[in-house]
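Close look at the chain arrangement
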Amino acid sequence: MELSSPVAELKGVGKEVAKKLAGLGVETVGGLIGNFPRRYDDYSNVLPVRGLRPGNVTIEVKVGQVAGRYVRRGLHITDAIASDSTGSVRLVWFNQPYRSTAIKQGQLYFVAGEYGLRRGRFSILNPSMELASSFPINTARIIPIYREAKGLKSYTVRKLVREALRELKDLKEYLPAWLLADKNLMAYPQAVKQIHFPSSPEALAQARARLGFEEVFVLTLAALINKQENLAERGVSIPYNEVLAKEFVAKLPFKLTDAQRKAAWLIYQDMNKNQPMNRLLEGDVGSGKTVVAAMSALMAIEQGFQVALMAPTEILARQHADTLLSLLSRVGYGEQVRLLVGSLSPDQKKTAHAMIANGDIRLMVGTHALIAEKVDMRRLGLIIIDEQHRFGVEQRKKLQAKAGHMPHVLHMTATPIPRSLALTLYGELDISILDEMPPGRHKIKTEIVSPHARADLYAKIDEELAAGWQMFVVCPLITDSETSGGLSAEEVYGRLSGRDFKHRRVGLLHGRLKSQDKDEVMQKFINHEYDILVSTTVIEVGVDVPNASIMLIEGAERFGLAQIHQLRGRVGRGAHQSYCYLIPSSVQAPTPRLRALVTTADGFKLAELDLDIRGPGAIYGTLQHGALDLRIAKLSDTKLIAGARSAAQTFLERENLKKYPILQDRVKSLRAVTNLN
Ligand code: ADP
Ligand code: MG
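Basis of the calculations
Residues numbered from 1 in each chain as written. Chains lettered and ligands numbered in written order. Predicted model: local features only at pLDDT ≥ 70, side-chain atom pairs only at ≥ 80, totals over all residues. Heavy atoms only, no water. Buried < 20%, exposed > 50% of the residue type's maximum accessible area, 1.4 Å probe, protein only. Helix = DSSP H or I, 4+ residues; strand = E, 2+ residues; numbered from the N terminus. Pairing = 2+ DSSP bridges. Domains from an automatic or database assignment. Contact = heavy atoms within 4.5 Å. pLDDT = per-residue confidence, 0-100. Near = heavy atom within 4 Å. Polar contact = N/O pair within 3.5 Å; in protein donor to acceptor, adjacent residues only side chain to side chain. Areas by Shrake-Rupley, 256 points an atom, 1.4 Å probe, with all protein chains shown as cover. Nonpolar A, V, L, I, M, F, W, Y, C, P; charged D, E, K, R; others polar. Phe/Tyr/Trp six-rings, centres within 6.5 Å; stacked < 30°, edge-to-face > 60°. Lys NZ or Arg CZ within 6 Å of the ring centre and 35° of its normal. Salt bridge = Lys/Arg side-chain N within 4 Å of Asp/Glu carboxyl O. Axes fitted to C-alpha atoms, helices over the stretch in contact; angles between N-to-C directions. Parallel < 35°, antiparallel > 145°, perpendicular 65-115°, else oblique. Left-handed = near helix turned anticlockwise from the far one by under 90°. Core = buried A, V, L, I, M, F, W, Y, C linked by side-chain atoms within 4.5 Å.

**Describing the pairing of strand β7 (residues 142–145)**
The two faces of β7 match: Ile 142 and Pro 144 on one face and Ile 143 and Ile 145 on the other face are all buried. Alignment of strand β1 (residues 39–42) against β7, held across 4 bridges, turns out to be antiparallel. The residue bridging Arg 39 from the neighbouring strand is Ile 145, located in β7.

**So, the domain arrangement of the chain**
The domain architecture assigned to the chain consists of domain 1 (45–140), domain 2 (242–273 + 288–413) and domain 3 (445–600). The centre of domain 1, based on its C-alpha atoms, is set 71 Å off from the matching centre of domain 2.

**Focus: the environment of Phe 501**
Looking at the element boundaries, Phe 501 is found in the loop between α17 (489–500) and β17 (506–509). For the pair Phe 501 and Trp 265, spaced 236 residues apart in sequence, the C-alpha separation works out to 50 Å. Apart from residues no more than four positions distant in its own chain, Phe 501 is found in contact with Tyr 458, Ile 461, Asp 462, Leu 465, Met 471, Leu 496, Val 506 and Ile 532.

**What to know about the confidence of the model for the chain**
Residues at a pLDDT of 70 or more form 92% of the chain, whose mean pLDDT is 86. Here residues 618–627 is modelled with pLDDT under 50, and outside its nearest four sequence neighbours on either side it reaches 29 contacts, counting other chains as well.

**Regarding the site of ligand 1**
The environment of ligand 1 is formed by 16 residues, the closest being Lys 255, Gly 286, Lys 289, Thr 290 and Arg 441. Between ligand 1 and Ser 287, the relevant distance is 3.5 Å, taken from an oxygen atom to a main-chain nitrogen or oxygen of the residue. Within the contact set of ligand 1, an oxygen atom lies 2.6 Å away from a side-chain nitrogen or oxygen of Thr 290. Protein coverage of the free-state accessible area of ligand 1, which is 570 Å², stands at 75%. Here the shell around ligand 1 is composed, by residue class, of 5 nonpolar, 6 polar and 5 charged.

**Considering the packing of aromatic side chains**
On inspection of all chains with the given rule, the structure shows 11 aromatic pairs. Their ring planes at 15 degrees and their centres at 5.2 Å tell us that Tyr 115 and Phe 122 sit as a pair that is stacked. Its relative accessible area of 11% is what places Tyr 115 among the buried residues. The class of Phe 122 is partly exposed, set by a relative accessible area of 40%. One aromatic cluster in this structure is built from Phe 213, Phe 217, Phe 651 and Tyr 660. When the ring centre of Phe 135 is taken as origin, the NZ or CZ atom of Arg 141, which lies over that ring, is 5.0 Å away. Above the face of the Phe 305 ring, Arg 379 is positioned so that its terminal group lies 4.7 Å from the ring centre.

**What about the pattern of salt bridges?**
Summed over the entire model, instances satisfying the criterion amount to 17 salt bridges. Salt-bridge contacts for Arg 318 lead to Glu 314; the nearest nitrogen and oxygen are separated by 3.3 Å. Note that Arg 318 and Glu 314 are positioned in helix α11 (residues 314–329) at a spacing of 4 residues, about one turn of the helix. On the accessibility criterion, Glu 314 (17% relative accessible area) is buried. The shortest N-O distance in the salt bridge between Glu 447 and Lys 460 comes to 3.9 Å.

**Describing the packing of helix α6 (residues 188–196) against helix α7 (residues 201–232)**
The contact between α6 and α7 brings their axes to 8 Å, and the two run at 120 degrees. One way to sum up the angle between α6 and α7 is to call them oblique. Seen along the crossing, α6 lies across α7 with a hand that is left-handed. Contacts between α6 and α7 involve Tyr 188, Ala 191, Gln 194 and Ile 195 from the first element and Ala 203, Leu 204, Ala 207, Arg 208, Arg 210, Leu 211 and Glu 214 from the second.

**Considering the nonpolar core**
One finds Phe 248, Leu 363, Phe 472 and Met 522 to be the most contacted residues of the largest nonpolar core, which totals 91 residues. Counting residues per element, this core draws most heavily on helix α10 (residues 289–302), at 10 residues. When we break this core down by domain, the ones giving at least three residues each are domain 2 (242–273 + 288–413) and domain 3 (445–600). The residues contacting Leu 363, other than those within four sequence positions of it, are Ala 297, Ile 301, Val 307, Leu 309, Leu 324, Leu 328, Gln 336, Val 337 and Arg 338. By size, the runner-up hydrophobic cluster in this structure holds 60 residues, among which are Val 17, Phe 197, Val 216 and Ala 633.

**Points about the sheet that holds strand β3 (residues 75–84)**
Taking strand neighbours around the barrel as the criterion, the 5 strands line up as β2-β3-β4-β6-β5 in a closed arrangement whose pairing is mixed. Put simply, the sheet's adjacent strands are angled 45 degrees from each other on average, direction ignored. As defined by bridge partners, β3 adjoins strand β4 (residues 87–94) across 8 bridges and the pair is classed as antiparallel. Note that in β4 the partner of Asp 79 across the bridge is Val 92.

**Focus on the sheet that holds strand β10 (residues 337–340)**
In spatial order, the strands read β10-β11-β9-β12-β13-β8-β14; together these 7 strands make up an open sheet with parallel pairing. Since the sheet does not close on itself, it has two edges, and those belong to β10 and β14 (430–434), each with one partner. Neighbour-to-neighbour, the strand axes of the sheet open up by a mean angle of 20 degrees, direction not taken into account. Bridging between β10 and strand β11 (residues 363–366) involves 4 bridges; their strand directions are parallel. Along β11, the bridge assignment pairs Leu 340 with Gly 366. Docked against the sheet, helix α9 (residues 258–272) engages β8 (278–283), β12 (380–386), β13 (408–413) and β14, running at close to 160 degrees with respect to β14.

And the structure:
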């Protein structure tokens, strides 16, 4: 059996189990052993019955006097007595009627569970048991607990993992020996066995150290190789024109923040080189990335180069085109800005294409449709990608292929990626962070509101709406389901439009609408044809509706902090005081985490919190980032990350990746994920 063998080849995996495993993302034997335990229960303490103390215990016993009965409808109790040479103890199972026939008299068992006093008698409640052996998996050891899917219990996974580890032939070390020695790492085959069935807490710690290291090491290696390749590309030098830059800045209606100034300066230096720029401009919502983009574009345009700015939606592209037009007009370059989107008429397109070909249009703003157009891009000097994660690797590649050379690339994102994470994941990028907000913004007032207090809240909100302001309502899901608790966008829309805000105009927006319909609903909200927009997180991306002053989030505890912060960034863009109301899905729902949103407006801090509490998936809820699926390494573990980074560097200096085929494979699968080009 090999890592790539389908799980169905394992004994005990039929169609049903295979389907359930697939639900956990496990399809191959390799996937199964890569499905590391979520946590462990320590039952390694095998004790004589006589010495039992309350707590988690394992005993080695024979089991007799087994009897099962229904005490009332729906409650079955199995009673048994377990004995070793030192004494006896009572075992009790609820609703496991098969126990009485499954237990073989006279056999030696390991029985594990919580020993304690119940109704005046000491007993072990609902214990696990298995025949005593030299390699128990459910008892008498540190027991792995796996993520459970519906109908797929931890012990089933345990049995299968054990089987897989027994059958697997190709568990091989794939890191160089010098690296293992240098970092004092446990060998791979051993680490995999220990992570599932640890022989001691120390061995488990070593296994985790090894597997965590390798996660970050491989990720970093992929990023470094990407960077090497980028450096080998030839680009076009765009000289820095200081006079023009100063003129642009002087004519702005505001003063640049230091962070904007610094980012623009670094970009100018990058573009001046023959090597293509590959920079990530990160800045919280409202930090002013667009001006920096405009400054970068200006330099390219002035030198006769073309610039393509791509946004994830047509509405965003339109807003960008407007903003850039007004900014560049100040220095006389407004006429060269053109919106290029799918909805233009064939005639409009034809004219635009001709103007691009003869150089009259130099800044093209559009969606990814931009790269599908038959546009002449030989003079393309700079690509600016807003909210880069919304573009696939392939789309980026195509755009670059069109230029015939590697243009400078500026990626912009409002996702607050903590620096530690950015360095690991996007190691091939240079990073600029706008960590400073333009002055004079109103802080968005954020409040956690009990679901019981809805009526009062709605009354308060209605005053704002009556005064002409607008509200976003964001729901955790689209359609009603067992777990939605009445909080799906469709249901909330129904309630608000049919009852609570019957007298207001309410719109509904979600990801299942066609993209044209989405744009239409959004445009209507922008035009103030709706007072309220009920939506899912599809509104996350930076659409500007300065007239929206309220963000209400239903089922708030189901969102990541960084995600809510992004959502809240949709309001507070005008000069008016804005509000963000967080309503938990029930009064029992835990809210302490949400309090961080009330007290801090710093997206990076919130992202760090998310990272600690929920892992990177919380920040990248919208991404299909295989790479971020770090199972063991904590990205907040700066020592681990620094160590893995320097090791990856050393590896590249000393070794040829081709000599390590397994490592090469792993790196390859990650390169597609981390490569932003
Ligand atoms: P984001 O980083 O979210 O894309 P924008 O570029 O849309 O932010 O900027 C948000 C708002 O802040 C815009 O209205 C912009 O004109 C304004 N702005 C940008 N930079 C400054 C500054 N230095 N001082 C004052 N206002 C600024
Ligand atoms: Mg923006």
